[in-house]
Amino acid sequence: MSDLPADFYFPAPRQQRYCSQCGTLLTRAIPPGDNRVRDLCQHCGAVHYQNPRMVVGCVPVWRGKVLLCRRAIEPRYGFWTLPAGFMELEETTEQGALRETLEEAGAQVEAGPLFTVIDVPGVNQVHIYYLANVLDEKLDPGPESLEAAFFDEADIPWDHLSFLSVSSTLRHFFEDRKQPEFGVHRYTLPIH
């Protein structure tokens, strides 16, 4: 193990300088047959594509109340959020949403249908939320959460929610709950 503090590590920047295949300095150009500028290795020919990152999560519900977690990490430390996070390799969006809910809230849930698909081009992300039924009211928040709690609609801390994708998903949830069935919502959040 390293002697570095636990909060020393952070996600690497999206922009690469060197080829991950051979270590040569990258250039930026449009590859033959492409239509966008990419990071290219003039030595080994590797094209380093950058694609949006997937954030997956749940709208977990227990007896009509929605489960929220209060963030113990930046960005938006101390603000409330739906349990969600970056999708990992070799998992489906649903598996990632369930994993994040277990990691952040310690909640056992059963995934329901897809609920929101939100393009967030300003940060190169796509946020996907599933409806979910909480199977047991016991919660055991992990290190990324200060606490986890169930909220009635009237008690949602609207002014202390972490991200626009969270507040918009919750607004859709409470509106749809008044209807005969839930819909699937797909939209783009504005770039600020």
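Just so you know, these numbers come straight off a predicted model, no measurement behind them.

S.K.: Teacher, can you tell me more about the sheet that holds strand S3 (residues 47-48) here?
M.R.: Sheets are built from strands that pair by backbone hydrogen bonding, the pairs being arranged parallel or antiparallel. If you trace the 3 strands from one edge of the open sheet to the other, you get S1-S2-S3, paired in antiparallel fashion. Looking at which strands have only one partner, the edges of the open sheet turn out to be strand S1 (27-29) and S3. Taken together, the 3 bridges between S1 and strand S2 (residues 38-40) define a ladder with antiparallel strand orientation. Counterpart to alanine 29 in the pairing with S2 is arginine 38.

S.K.: Looking at this structure, how should I read empty space enclosed by the protein?
M.R.: Where empty space is left can be seen by rolling a probe of water-molecule size over the atoms. The final tally for this structure, using the stated rule, is 1 cavity of 30 Å³ or more. Here the largest cavity defines a volume of roughly 30 Å³. Along the walls of the largest cavity sit Cys69, Arg71, Ile73, Thr81, Glu104, Glu144 and Ser145, which together make up its complete lining. Tallied by class, the residues present in the lining of the largest cavity amount to 2 nonpolar, 2 polar and 3 charged.

S.K.: Would you mind going over the environment of proline 190 with me for this structure?
M.R.: Within the element layout of this structure, proline 190 appears in the segment after strand S11 (185-188). Taking relative accessible area as the criterion, proline 190 reaches 51% and is therefore assigned exposed. In this structure, the C-alpha to C-alpha distance between proline 190 and leucine 164, residues 26 residues apart in sequence, is 9.7 Å.

S.K.: Mind showing me how you'd approach the side chain of histidine 185 here?
M.R.: When you line up the elements, histidine 185 lands in strand S11. Among the polar contacts made by the side chain of histidine 185, one reaches the side chain of aspartate 176 at a distance of 2.7 Å. Aside from chain neighbours lying at most four places away, what touches histidine 185 is Phe115, Thr116, Val117, His172 and Asp176.

S.K.: Could you clarify how one ought to interpret the nonpolar core in this entry?
M.R.: For soluble globular proteins, the rule of thumb is that nonpolar side chains tend to be buried together. Counting 22 residues, the largest nonpolar core has Val59, Val66, Leu68, Leu82, Leu170 and Phe173 as the members making the most contacts within it. For this core, the secondary structure elements donating two or more residues are strand S4 (53-62), strand S5 (65-71), strand S8 (109-120), strand S9 (125-134) and helix H2 (164-176). Setting aside residues no more than four positions away along its own chain, leucine 170 makes contact with Val66, Leu68, Leu82, Ile156, Trp158 and Leu161. Counting residues in hydrophobic clusters, the runner-up holds 17 residues, among them Val109, Ile128, Val134 and Phe150.

S.K.: Can you help me understand the pairing of S5 in this one?
M.R.: If a strand is regular, its side chains alternate between the two faces of the sheet. Where burial is concerned, most of S5 is hidden: 5 out of the 7 residues are buried. For S4 and S5, the ladder comprises 2 bridges, and the chain directions are antiparallel. Bridging across to S5, valine 61 finds its partner in valine 66. As consecutive antiparallel partners, S4 and S5 are separated by 2 residues, and within that stretch arginine 63 has a phi angle of approximately 50°, a positive value. In terms of strand pairing, S5 meets strand S6 (residues 80-81) through 2 bridges, oriented antiparallel. Bridged to cysteine 69 within S6 is threonine 81.

S.K.: Just checking my understanding: could you explain the layout of surface pockets for this structure?
M.R.: The volume enclosed by the second largest pocket comes to roughly 390 Å³. Around the second largest pocket sit 17 residues that line it, and Arg38, Gln50, Asn51, Pro52 and Asn124 are the ones nearest its centre. For the lining of the second largest pocket, the secondary-structure elements that each account for two or more residues are S2, S8 and S9. In terms of residue class, the lining of the second largest pocket is built from 5 nonpolar, 6 polar and 6 charged. When residues of the lining of the second largest pocket are sorted by domain, at least three fall in each of domain 1 (14-50) and domain 2 (53-188).

Conventions used here
Here the residue numbers are simple positions, counted from 1 along each chain's written sequence. Per-residue local features are limited, in this predicted model, to residues with pLDDT of at least 70; the limit for side-chain atom pairs, both in listing and counting, is 80 or more; totals at the level of whole chains, interfaces and linings are taken over all residues. In computing side-chain values, all of the structure's heavy atoms are included and hydrogens and water are not. Here a strand pair is declared whenever DSSP counts at least two bridges between the two strands. Numbering goes from the N terminus for both helices and strands, where a helix is a DSSP run of H or I of at least four residues and a strand is a run of E of at least two. Here a cavity is any set of points on a 1 Å grid over the protein atoms alone where a 1.4 Å probe fits but cannot get out, and a pocket is any open set with protein on both sides within 12 Å along at least 5 of 7 lines; a residue lines the site when it has an atom within 4 Å of a point. Grid points are joined across faces, edges and corners, and a volume is the space filled by probe spheres set on the points. Residues were grouped as follows: Ala, Val, Leu, Ile, Met, Phe, Trp, Tyr, Cys and Pro as nonpolar; Asp, Glu, Lys and Arg as charged; and all remaining residues, including Gly, as polar. Residue exposure (1.4 Å probe, protein chains only): buried if accessible area is under 20% of the type maximum, exposed if over 50%, otherwise partly exposed. For the purposes of these results, a polar contact is taken to be a pair of N or O atoms within 3.5 Å, where, inside protein, one atom must be able to donate a hydrogen and its partner to accept one; residues adjacent in sequence count only when each atom of the pair is a side-chain atom. In this analysis, two residues are considered to be in contact whenever any of their non-hydrogen atoms come within 4.5 Å of each other. For the purposes of this section, nonpolar cores are sets of buried Ala, Val, Leu, Ile, Met, Phe, Trp, Tyr and Cys residues that join through side-chain atoms within 4.5 Å. Note: domain ranges come from an automatic or database domain assignment.

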